[in-house]
Amino acid sequence: MSTPARRRLMRDFKRLQEDPPTGVSVVKDISLVLFIVCIFAGTFKLVIEFSEEYPNKPPTVRFISKMFHPNVYADGSICLDILQNRWSPTYDVSSILTSIQSLLDEPNPNSPANSQAAQLYQENKREYEKRVSAIVEQSWVDS
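About the cut-offs
- Numbers given for residues are sequential positions, taken from 1 along each chain in its written order.
- Note on the predicted model: pLDDT of at least 70 is required for a residue's local features to be given, and 80 or more for side-chain atom pairs to be given and counted; whole-chain, interface and lining totals, by contrast, use all residues.
- The basis for the side-chain values is all heavy atoms of the structure; hydrogens and waters are excluded.
- Helix numbers and strand numbers start at the N terminus; a helix is a DSSP run of H or I with at least 4 residues, a strand a run of E with at least 2.
- Note on method: radius of gyration uses C-alpha positions; expected globular size equals 2.2 Å times residues raised to 0.38.
- Relative accessibility decides the category of a residue: with a 1.4 Å probe and only protein chains considered, values under 20% of the type maximum give buried, values over 50% give exposed, and everything between is partly exposed.
- Throughout, a contact is declared for two residues whenever any of their heavy atoms are within 4.5 Å.
- For every accessible area listed, the method is Shrake-Rupley and the probe measures 1.4 Å; residues are considered covered only by the protein chains on display.
- Here Asp and Glu are counted as negative and Lys and Arg as positive; His is not counted, and neither are the chain ends.
- For this purpose, a charge sits on NZ of Lys, CZ of Arg, CG of Asp or CD of Glu.
- Only one rule defines a salt bridge in this text: a Lys or Arg side-chain nitrogen within 4 Å of an Asp or Glu carboxyl oxygen.
- Two strands make a pair as long as DSSP finds a minimum of two bridges between them.
- Here a Phe, Tyr or Trp ring, Trp counted by its six-membered ring, pairs with any other such ring whose centre lies within 6.5 Å, and the pair is stacked when the planes are under 30 degrees apart, edge-to-face when over 60, and tilted otherwise.
- Should the NZ of a Lys or the CZ of an Arg lie within 6 Å of a ring centre and within 35 degrees of the ring normal, that charge is described as sitting over the ring.
- Two kinds of site are reported from a 1 Å grid over the protein atoms alone, namely cavities, where a 1.4 Å probe fits but cannot get out, and pockets, open sets with protein on both sides within 12 Å along at least five of seven lines, and residues are called lining when an atom falls within 4 Å of a point.
- Grid points are joined across faces, edges and corners, and a volume is the space filled by probe spheres set on the points.

1. Considering the overall build of the protein chain
Helix and strand counts for the protein chain come out as four helices and four strands. Reading the protein chain from its N terminus to its C terminus gives the helix and strand order α-β-β-β-β-α-α-α. In terms of overall size, the protein chain behaves like a compact globule, its C-alpha atoms giving a radius of gyration of 15 Å where 143 residues would be expected to give roughly 15 Å. Oriented by its inertia axes, the alpha-carbon framework of the protein chain measures out at about 50 × 30 × 25 Å. By residue count, 43% of the 143 residues in the protein chain fall in the buried class. Long-range contacts, defined as pairs at least 24 residues apart, comprise 52% of the intrachain contacts of the protein chain with a sequence gap of at least 6. Looking at the protein chain as shown, the accessible area adds up to about 8,100 Å², and 46% of this sits on carbon and sulfur atoms. Considering the protein chain, the positive charge centre built from 16 side chains and the negative charge centre built from 17 side chains are found 2 Å apart.

2. A few points about the pattern of salt bridges
For the structure on display, the rule yields five salt bridges. Between Asp12 and Arg11 there is a salt bridge, and its shortest N-O distance comes to 3.7 Å. Glu127 is paired through a salt bridge with Lys130; the nearest N and O atoms lie 3.8 Å apart. Of the two residues, Glu127 and Lys130 are both situated in helix α4 (residues 125-142); the distance of three residues between them amounts to about one turn of the helix.

3. So, the pairing of strand β2 (residues 34-39)
The buried fraction of β2 amounts to six of the six residues, a majority that puts the element mostly inside the structure. Residue alternation in β2 divides its side chains into two sets, Leu34, Ile36 and Cys38 and Phe35, Val37 and Ile39, and both sets are buried. Pairing of β2 with strand β3 (residues 44-49), which is carried by six bridges, proceeds in the antiparallel orientation. Looking at the pairing, Ile39 lines up with Phe44 of β3. Adjacent in sequence and paired antiparallel, β2 and β3 are bridged by four residues.

4. A few points about the packing of aromatic side chains
Scanning all chains against the criterion turns up six aromatic pairs. Here the aromatic rings of Tyr54 and Trp87 are separated by 6.3 Å at their centres, their planes lie at 45 degrees, and the arrangement is tilted. Of this pair, Tyr54 sits in the loop between β3 and β4 (60-63) while Trp87 sits in the loop between β4 and α2 (93-105), and the two are 33 residues apart along the sequence. With a relative accessible area of 2%, Tyr54 lands in the buried category. Judged by its relative accessible area of 13%, Trp87 falls in the buried class. Grouped by ring-pair contacts, the aromatic residues Phe50, Tyr54, Trp87 and Tyr91 constitute a single cluster. Lying over the aromatic face of Phe68, Arg131 brings its terminal NZ or CZ to 3.9 Å of the ring centre.

5. Considerations on the layout of surface pockets
There is about 250 Å³ of room inside the largest pocket. Considering the residues around the largest pocket, the lining is formed by 15 residues, among which His69, Leu104, Asp105, Tyr128 and Val132 are closest to the centre. Elements that contribute at least two residues to the lining of the largest pocket include exactly α2 and α4. If one sorts the elements of the lining of the largest pocket by residue count, α4 sits on top with six residues.

As structure tokens, then:
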């Protein structure tokens, strides 16, 4: 990995360890370019993978925990604007995780990655919340 990207990641990782967003923990730093992070809305694990072009290009982020959410694809990848077309080098790991937490709390059904979850969220919120609760409870068992 190039030196500028490595320096930036080291800074981001240090900041994440010293002042993590509320409800977030780095479970494992597999290498400087690959983190496994846990978000405690349930106990959801994510893999964050960085390329040599970081911070000019966003990392690849995906859930490795089972998810039922309008903005999470079946493979765990996340439909989030800052990870796609709205990326800026000013974002760091903490801001990515904070954005993901916000998305978990406030889904965007108008940009669905999971059409079934988006439809349920819009048409039958009670049933949607039952499905999400079951996934959250399962995440506690799986962690």
